[in-house]
Amino acid sequence: MARITPVKLPSSSKTLWFDANGVDAVKGNAVIVQTARGSEYGTVSESPFDATPEQLSSLKSSLKPVVRLATEKDAQRLAELQQRARDIMPAYRELVEEEGLDMRPVSVEFLFDGDKAVFYFESEDRVDFRELVRKLASRFKVRVDMRQIGPRDEARMVGGIGHCGQELCCKRLGGEFCPVSIRMAKEQDLSLNPQKISGICGRLMCCLR
């Protein structure tokens, strides 16, 4: 029976499952985990548990392991990488403008190993960013991964306050995005004014569900 450690990564609003791998972590502990992208820093969001065969069979991919408990040095490295990502955002926007690309830079994320950066952007169409990738890699001396996201993902990453005065549902609650339809507003006798039932992403508010 596999021991599962639920972990939340800074780059994701979802809770992901990892193989405890003999690491005795508890809720609230910072850990280093192995993902498809490499080593990443995360926080144990729920108490580890023994998974049932049914839970294991429902997984879409094999479990990646918890490598070890994170140290204070790891936390400092994460903070440095996050600050580095914030520092290069202005240059990222500048290079996009120079290239005349129809895309909106959203954020930058350095992977924990430090040699690769993910540049997130929002665009309605496909973008030829090959020259931009070359310039980013040359300027910042990292491997570059461009990641196109939608308006709802952008709102989740950037965050903000909704009409209700609370933090955006997509940021606060996380999880998978579910379809939202105008019928949901009609069934609740809500105003059908688009400005009143749309979030800052421009799409129908998730809470209409």
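Each remark here, short or long, concerns the structure printed above.
Residues numbered from 1 in each chain as written. Predicted model: local features only at pLDDT ≥ 70, side-chain atom pairs only at ≥ 80, totals over all residues. Heavy atoms only, no water.

**Section: helix α3 (residues 130–140)**
Spacing of three or four residues puts side chains on the same side of an α-helix, whose turn is 3.6 residues.
Step number 1: All of the buried residues in α3 are Leu-132, Leu-136 and Phe-140. Considered in projection along α3, the buried side chains sweep an arc of 40° and stay on one side of the axis. Those residues of α3 that are exposed and angled more than 90 degrees off the buried face are Arg-130 and Arg-134.
Step number 2: For α3, the elements touching its buried residues are α2 (72–99), β8 (116–122) and β9 (143–149).
Step number 3: Residue Lys-141 follows α3 closely and has a positive phi angle near 55°. (Buried < 20%, exposed > 50% of the residue type's maximum accessible area, 1.4 Å probe, protein only. Helix = DSSP H or I, 4+ residues; strand = E, 2+ residues; numbered from the N terminus. Arc of directions from axis to C-beta. Contact = heavy atoms within 4.5 Å.)

**Quick word on the sheet that holds strand β7 (residues 104–110)**
Step number 1: Strand order in the open sheet made by the three strands is β7-β8-β9, with mixed pairing throughout. Of all strands in the sheet, those with a lone pairing partner are β7 and β9, marking the two edges. Pairs of neighbouring strands in the sheet enclose a mean axial angle of 25°, with direction left out of account.
Step number 2: Relative to β8, β7 is paired through six bridges, and the arrangement is antiparallel. The residue bridging Glu-109 from the neighbouring strand is Val-118, located in β8.
Step number 3: On top of the sheet, α2 reaches β7, β8 and β9; it is set at about 150° to β7, its chief contact.
Step number 4: Together, β8 and β9 form the strand contacts of α3, whose direction differs from that of β9 by roughly 135°. (Pairing = 2+ DSSP bridges. Axes fitted to C-alpha atoms, helices over the stretch in contact; angles between N-to-C directions.)

The quantities given are spatial measurements derived from coordinates; they are silent on function.
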